[in-house]
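Next come the chains, spelled out residue by residue.
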Amino acid sequence: MYAKMKSKHSSVFNMASPIYIFSGFLDSGKTSLILDTLSDEGFMESDSRTLILSFEEGEEEYDREFLKEHNAFLVQMDDIEELTVEKALELDTLYHPTQVFVEYNGSQPLNNDVFLGIRDFWPVVQILSTVDATTFSLYVNNMRSMLFEQLRYSDCVIVNRCTEDTDAIMIRGNIKAMNRAARIFYEGEHGQPANLKGGVLPFDINAEVIDIKDDDYGLWYMDAIEDPSKYNEKTIILRGQFDQKLKGYESSFIMGRKAMVCCDKDTSSCSITVTGITLDGLEKDQWLEVKGILRTVPVEEGGETLVLYAKEARYYNGPEDPYVYFN
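Remember, it's a predicted structure, so these values are computed and weren't measured experimentally.

**Q** Kindly report on the sheet that holds strand β2 (residues 50-54), identifying the contributing residues and their values.
**A** Within a sheet, neighbouring strands are paired by backbone hydrogen bonds and run either parallel or antiparallel to one another. With parallel pairing, the seven strands of this open sheet are ordered in space as β3-β2-β4-β1-β5-β6-β7. Bordering the open sheet on either side are β3 (72-76) and β7 (183-186), each of which pairs with just one other strand. The sheet shows a mean angle of 20° between the axes of neighbouring strands, direction not considered. The strands that helix α6 (residues 168-178) touches are β6 (156-160) and β7; relative to β7, the one it contacts most, it runs at about 155°.

**Q** Provide a residue-level description of the packing of aromatic side chains, including the pertinent values.
**A** Each aromatic ring pair is summarised here by two numbers: the centre-to-centre distance and the angle between the ring planes. A complete count under the given rule lists 12 aromatic pairs for this structure. Ring geometry for Y217 versus Y221: centroids 6.2 Å apart, planes at 10°, classification stacked. With Y217 and Y221 both in helix α7 (residues 217-226) and four residues apart, the pair spans about one turn of that helix. The pair Y217 / Y221 is uniform in exposure class, with both members buried. Pairwise contacts between aromatic rings join Y20, F22, F43 and F101 into one cluster.

**Q** Report on the side chain of D223, specifying residues and quantitative values.
**A** Counting through the fold element by element, D223 comes out in helix α7. Take D223: its relative accessible area is 6%, and that puts it in the buried class. Side-chain polar atoms of D223 contact the side chain of Y231, separated by 2.7 Å. Those residues within four positions of D223 in sequence are excluded, and the remaining contacts are R172, L201, K230 and Y231.

**Q** Lay out the environment of S28 with the relevant residues and their values.
**A** Locating S28 in the fold gives a position in the loop between β1 (19-23) and α1 (30-38). Separated by 204 residues in sequence, S28 and N232 place their C-alpha atoms 38 Å apart. Ignoring anything within four residues of it in the chain, the contact list for S28 reads T130, V131, D132, N160 and R161. Looking at S28, its side chain comes within polar contact range of the main-chain oxygen of F25, at 2.7 Å.

**Q** Hey, could you go over the pairing of strand β4 (residues 99-103) for me, with residue numbers and the actual values?
**A** Extensive coverage of β4 is indicated by the burial of five of its five residues. Of the two faces of β4, the one holding Q99, F101 and E103 and the one holding V100 and V102 are both buried throughout. Pairing of β2 with β4 involves five bridges; the strand directions are parallel. Each residue of the ladder has a partner; that of I52, found in β4, is F101.

**Q** Explain the environment of V125 to me, using residue names and the numbers behind them.
**A** Position of V125 relative to the elements: it lies in strand β5 (residues 124-132). Judged by relative accessible area, which is 18%, V125 ranks as buried. The sequence separation of V125 and D155 amounts to 30 residues, and the corresponding C-alpha distance is 9.4 Å.

**Q** Give a detailed account of helix α5 (residues 144-151), specifying residues and quantitative values.
**A** Helical geometry: 3.6 residues make up each α-helical turn, so side chains three or four residues apart lie on a common side. Residues R144, L147, F148, Q150 and L151 constitute the buried set of α5. All buried residues of α5 lie within an arc of 160° about the axis, which places them on one face of the element.

**Q** Could you give an account of the packing of α5 against α6, naming the residues involved and the relevant values?
**A** Look at α5 against α6: their axes get within 9 Å of each other, and the N-to-C directions meet at 70°. Taken together, the axes of α5 and α6 lie roughly perpendicular to each other. On the side of α5, the interface is formed by R144, L147, F148 and L151, while α6 contributes N174, I175, A177 and M178. Considered class by class, the residues forming the contact of α5 with α6 number six nonpolar, one polar and one charged.

**Q** Pulling in residues and values, what's your account of the nonpolar core?
**A** Y217, W220, Y231, L238 and I272 are the most contacted members of the largest nonpolar core, which totals 34 residues. The set of elements that each furnish at least two residues to this core consists of α6, α7, β9 (235-245), β10 (252-263), β11 (266-275), β12 (287-298) and β13 (304-315). In terms of residues, this core owes the most to one element, α7, which gives six residues. Excluding residues within four positions of it along the chain, L238 makes contact with I212, Y217, W220, M255, I272, L288, E289, V290 and L308.

How each quantity is defined
- Residues numbered from 1 in each chain as written.
- Predicted model: local features only at pLDDT ≥ 70, side-chain atom pairs only at ≥ 80, totals over all residues.
- Heavy atoms only, no water.
- Pairing = 2+ DSSP bridges.
- Helix = DSSP H or I, 4+ residues; strand = E, 2+ residues; numbered from the N terminus.
- Axes fitted to C-alpha atoms, helices over the stretch in contact; angles between N-to-C directions.
- Contact = heavy atoms within 4.5 Å.
- Phe/Tyr/Trp six-rings, centres within 6.5 Å; stacked < 30°, edge-to-face > 60°.
- Buried < 20%, exposed > 50% of the residue type's maximum accessible area, 1.4 Å probe, protein only.
- Polar contact = N/O pair within 3.5 Å; in protein donor to acceptor, adjacent residues only side chain to side chain.
- Arc of directions from axis to C-beta.
- Parallel < 35°, antiparallel > 145°, perpendicular 65-115°, else oblique.
- Nonpolar A, V, L, I, M, F, W, Y, C, P; charged D, E, K, R; others polar.
- Core = buried A, V, L, I, M, F, W, Y, C linked by side-chain atoms within 4.5 Å.

See below:
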């Protein structure tokens, strides 16, 4: 399971039964993931009692004998609104689960508020989302807002049905634009770790000067925030829009690009701090090209971030499309 799921053993919950939510579109692999989890001896205990609340029916079905063998109980429900406090208490009394797996309906937005009333005895501890690699680009191009609703709260995204030719960079970039904190795993057609021959970034990270083209900014940015240390002390050329000066620092400012999350009114900032150079007359959203050295610096929340120590800077005619994409 690649440590996808957190261990349920925690004194925080005492006698509570933690909820694991499995989200994703119909036939994206939610049922298969639940069945794999039930078979995972590293996660399940011999005395576990698992209540599965399923809100949709896909191609994969639950085998009654398999459920009985793994001490799991299936309850089919039509709508998430049926999961009232009273209904949850009734199910808790009837099945005495040690954990609850919720197979969410892929056509409905994932709303955490549904589970607020039952969190004292059924607290949500993890949200896992399944993505079919073979249809991902279709959803990104045609149903991005629906995909956003499926992934925005996910702790872990499992991209399944990958082949050697799967564009993992494009998939990761789009997922990270919707949910930076999500961990992403890639699986082959039979659940094994995927072997992706096209997983190389579209620029040479070991070049004397890493020149990030307009179309590659989003891919570079997501890779950089995921592992800042790999870019430490690298000389780079970045192109982006001026955002604002840092208060109290005349030669430091924020520069970056905007990534579309689900529509042009809902964007996230892919920005970086630039220091060591002063430019007069900068205006909001003005395009710049900056060459300098990236260095890691600690952040208050823990971990590291990158700062660009500029050597050269000039005004730049930006691309026709100002938004960041990940393909």
